[in-house]
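Residue-level listing of the chains:
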Amino acid sequence: MNQVKPYSSAGSKKSQVEDMFDNIAPRYDLLNHVLSLKIDVLWRRLLVHMMAAGRPQRVLDVATGTGDLAIAIHRGTGAQVTGLDLSQQMLNVGTEKIKNAGLSTGIRMLKGDAENLPFQDDTFDAVSVAFGVRNFENLEIGLREMRRVVKPGGSVFILEFSQVEGILRPLYQFYFKNILPRIGRLVSRDNRAYTYLPDSVNAFPYGDAMKKILLAQGYSKVDYKKLSLGIATIYKATK
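What counts and how
- Residues numbered from 1 in each chain as written.
- Predicted model: local features only at pLDDT ≥ 70, side-chain atom pairs only at ≥ 80, totals over all residues.
- Heavy atoms only, no water.
- UniProt positions renumbered as here; feature names shortened; annotations may be inferred.
- Helix = DSSP H or I, 4+ residues; strand = E, 2+ residues; numbered from the N terminus.
- Rg over C-alpha atoms; globule rule 2.2 N^0.38 Å.
- Buried < 20%, exposed > 50% of the residue type's maximum accessible area, 1.4 Å probe, protein only.
- Contact = heavy atoms within 4.5 Å.
- Areas by Shrake-Rupley, 256 points an atom, 1.4 Å probe, with all protein chains shown as cover.
- Lys, Arg positive; Asp, Glu negative; His and termini not counted.
- Charge placed at Lys NZ, Arg CZ, Asp CG, Glu CD.
- Polar contact = N/O pair within 3.5 Å; in protein donor to acceptor, adjacent residues only side chain to side chain.
- Salt bridge = Lys/Arg side-chain N within 4 Å of Asp/Glu carboxyl O.
- Phe/Tyr/Trp six-rings, centres within 6.5 Å; stacked < 30°, edge-to-face > 60°.
- Core = buried A, V, L, I, M, F, W, Y, C linked by side-chain atoms within 4.5 Å.

Per an unreviewed UniProt entry, the protein chain is named Demethylmenaquinone methyltransferase, and its organism is Cruoricaptor ignavus. Of the comments in the UniProt record for the protein chain, the one headed Sequence similarities (unreviewed entry) reads "Belongs to the class I-like SAM-binding methyltransferase superfamily. MenG/UbiE family."

Below, the structure is given as structure tokens:
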């Protein structure tokens, strides 16, 4: 798998990802909803519905960003949620959002590294990550870390962009590679962040390829569901 970095081929992907999200944090939520026409809200809702079937009490949301999925999980399952992210600026936005929603007792936000999780083995009933695994510097290490901290029989739920297949693929690729980055640059004022998005998606494994990688990291069972003609996919990987 080719490693795509936000700003430069030189240097650490991890530090570049942190800088990128610190830069775009104030406008991240607006951009997300505009660029996806709020379909991302429905995708998160489906992930929460899948997770709720296991009645989790403690959930870790990796690469939590501004906390949208953490909030949805807490509201949809009643679980205590820990949101973890590399970017302090994203966490600051999320913490304020959680406070304003009156959810501070149910969700805590923590700065940390997905590839070196600060938790003991078998700590959480479920782990989630939305649009974050693409940004791991070492995908396999991050997947193993999430498996380590989830309890035996628990699952890791991954929501990630994939690729549209079939007759609509050329149209979607044109939007994704030409229109989306221009809107992103205009609103975020970061010249590279929304060029990195389609570049990283196109280089990232999806479907059966991602399932194979998850199984190789020790998960006992992996199922996945394509969303919106394949724009995104939810993977459920069980320990």
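Additional details are given in the paragraphs that follow.
The helix and strand inventory of the protein chain stands at nine helices and seven strands. Taking 239 residues into account, the globule formula puts the C-alpha radius of gyration at 18 Å, and the protein chain, at 17 Å, falls close to it. Each principal axis of the C-alpha atoms in the protein chain carries an extent, and together these give about 45 × 40 × 35 Å. Classification of the 239 residues of the protein chain by burial places 51% in the buried group. At a minimum sequence separation of 6, the contacts of the protein chain that also span at least 24 residues come to 70%. Put simply, the protein chain shows about 11100 Å² of open surface, and 53% of that area lies on carbon and sulfur atoms. Across the protein chain, the 32 positively charged side chains and the 23 negatively charged ones have centroids separated by 4 Å.

Here the UniProt feature "binding site: S-adenosyl-L-methionine" (unreviewed entry) sits at T66, D85, D113 and A114. Take D113: it is sitting in the loop between β3 (107–111) and β4 (124–130). Of the polar contacts made by the side chain of D113, one reaches the backbone nitrogen of E115; its length is 2.9 Å. Mapped onto the elements, A114 comes out in the loop between β3 and β4.

Scanning the model with the defined rule gives 13 salt bridges in all. Its salt-bridge partner being D68, residue K97 comes within 2.6 Å of it at the nearest N-O pair. Taken together, the residues span a long stretch of sequence, with K97 in helix α5 (residues 88–100) and D68 in helix α4 (residues 68–77) at a distance of 29 residues. The salt bridge involving R134 is made with E160; its shortest N-O contact spans 2.7 Å. Note that R134 is positioned in the loop between β4 and α6 (139–149) and E160 in strand β5 (residues 150–161), a separation of 26 residues in sequence. R134 sits in the buried class, given a relative accessible area of 6%. Under the relative-accessibility criterion, E160 is labelled buried at 1%. When salt bridges with common partners are traced through the structure, they connect K14, D113 and E115 into a single cluster.

With that settled, consider the packing of aromatic side chains. The tally for this structure, following the rule as stated, stands at nine aromatic pairs. Here F21 and Y28 contribute two aromatic rings whose centre-to-centre distance is 6.0 Å and whose plane-to-plane angle is 75°, an arrangement assigned as edge-to-face. With a relative accessible area of 15%, Y28 lands in the buried category. For the ring pair F161 and F176, a centre distance of 6.3 Å and an interplane angle of 55° mean the geometry is tilted. Remark: F176 occurs in helix α7 (residues 169–188) and F161 occurs in strand β5; sequence separation between them is 15 residues.

Turning next to the nonpolar core. Counting residues in hydrophobic clusters, the biggest one holds 43 residues, and the most contacted among them are W43, L159 and Y194. At five residues, helix α8 (residues 193–203) tops the list of elements feeding residues into this core. Beyond its immediate sequence surroundings of up to four residues, Y194 is in contact with I24, Y28, L31, L35, L180, P181, G184 and S188. Counting 26 residues, the second largest nonpolar core, distinct from the first, contains A114, F136, V156 and I213.

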